[in-house]
Amino acid sequence: MSNNGFALRWRWFVLLTLLAFGLALGAGAILWHSVETSSVVAVQTRIDALKPLLTGIRVSLIALLAMGWPWIVNTLERWGRLDETRAPNLLAVRWRIVTWLVVIELVLGQNLLGQVLAVLQGSGA
């Protein structure tokens, strides 16, 4: 890989890392401000009200990725970011990646593991 390609890659990595840090910092500041100006119960009520909307956004993004995956891979190949041997491999792993994203959403986003453990604990008592 050329030195210029490495520098471009490094720049994107740094910019995206700074963006993620800034978004996390902004979300934390908003939550901090919410807790400072109102009760924790009121903030929790607002978060609970937003959960269905946020779940819908996450599921929509997973579906969008699943549908747009071939277009993304073909565009990257057309731009010269992927060679002819990598593009078919990326197209082949599309459903594996989507499946893992759905599993992560179920386990973390929907707390499926916690719900299963609660049901098992409830039936054992």
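Residues numbered from 1 in each chain as written. Predicted model: local features only at pLDDT ≥ 70, side-chain atom pairs only at ≥ 80, totals over all residues. Heavy atoms only, no water.

Novice: Is there a simple way to think about the overall build of the chain in this case?
Specialist: In terms of regular secondary structure, the chain is built from five helices and zero strands. The linear arrangement of helices and strands in the chain, starting from the amino end, is α-α-α-α-α. Over its C-alpha atoms the chain spans a radius of gyration of 21 Å, topping by over 25% the 14 Å that the globule rule assigns to 125 residues. Counting only C-alpha atoms, the chain reaches 55 × 40 × 25 Å along its principal axes. Within the chain, buried positions represent 11% of all 125 residues. In the chain, of all internal contacts separated by at least 6 residues, the share reaching a separation of at least 24 is 45%. Within the structure as shown, the chain displays about 10200 Å² of accessible surface, and the carbon and sulfur contribution to it stands at 72%. Mean positive and mean negative side-chain charge positions of the chain (10 and 6 charges, respectively) differ by 3 Å. (Helix = DSSP H or I, 4+ residues; strand = E, 2+ residues; numbered from the N terminus. Rg over C-alpha atoms; globule rule 2.2 N^0.38 Å. Buried < 20%, exposed > 50% of the residue type's maximum accessible area, 1.4 Å probe, protein only. Contact = heavy atoms within 4.5 Å. Areas by Shrake-Rupley, 256 points an atom, 1.4 Å probe, with all protein chains shown as cover. Lys, Arg positive; Asp, Glu negative; His and termini not counted. Charge placed at Lys NZ, Arg CZ, Asp CG, Glu CD.)

Novice: Whenever I open this one, helix H4 (residues 94-109) confuses me. Can you help?
Specialist: Because each turn of an α-helix spans 3.6 residues, side chains separated by three or four positions in sequence point in the same direction. With 16 residues, H4 extends 21 Å between its outermost C-alpha atoms, agreeing within 8% with the 22 Å of an ideal straight helix rising 1.5 Å per residue. Along H4, the residues classified as buried are Arg94, Val98 and Glu105. When H4 is viewed along its axis, its buried side chains cluster within an angular range of 25° and face the same direction. When the buried face of H4 is taken as reference, the exposed residues oriented beyond 90 degrees from it are Arg96, Trp100 and Leu108. Among the structural elements, helix H2 (40-78) and helix H3 (86-92) are those in contact with the buried residues of H4. (Expected span 1.5 Å × (residues − 1). Arc of directions from axis to C-beta.)

Novice: Explanation requested: the packing of helix H1 (residues 3-37) against H2 in the structure shown.
Specialist: The packing of two helices is summarised by the inter-axis angle and the distance between the axes. For the pair H1 and H2, interaxial distance at closest approach is 7 Å and the crossing angle is 135°. Relative to H2, the element H1 is oriented oblique. Together, Leu31, Ser34 and Val35 of H1 and Val40, Val43, Arg46 and Ile47 of H2 make up the contact between the two elements. Broken down by class, the residue content of the contact of H1 with H2 amounts to five nonpolar, one polar and one charged. (Axes fitted to C-alpha atoms, helices over the stretch in contact; angles between N-to-C directions. Parallel < 35°, antiparallel > 145°, perpendicular 65-115°, else oblique. Nonpolar A, V, L, I, M, F, W, Y, C, P; charged D, E, K, R; others polar.)

Novice: Quick question: what am I supposed to make of the pattern of salt bridges here?
Specialist: In a structure, side chains of opposite charge can pair up when their charged atoms sit close to one another. By the definition in use, this model includes two salt bridges. Arg58 is the salt-bridge partner of Glu105, the closest N and O atoms lying 2.6 Å from each other. On the criterion of sequence distance, the pair formed by Glu105 in helix H4 and Arg58 in helix H2 is long-range, its members being 47 residues apart. The buried category is assigned to Glu105, whose relative accessible area is 9%. (Salt bridge = Lys/Arg side-chain N within 4 Å of Asp/Glu carboxyl O.)

Novice: Would you mind going over unusual backbone geometry with me for this structure?
Specialist: If a residue is not glycine, its phi is most likely negative; likewise, a peptide bond is most likely trans. Backbone geometry places Asn111, a non-glycine residue, at a positive phi of 55°. Here Asn111 lies in the loop between H4 and helix H5 (112-124).

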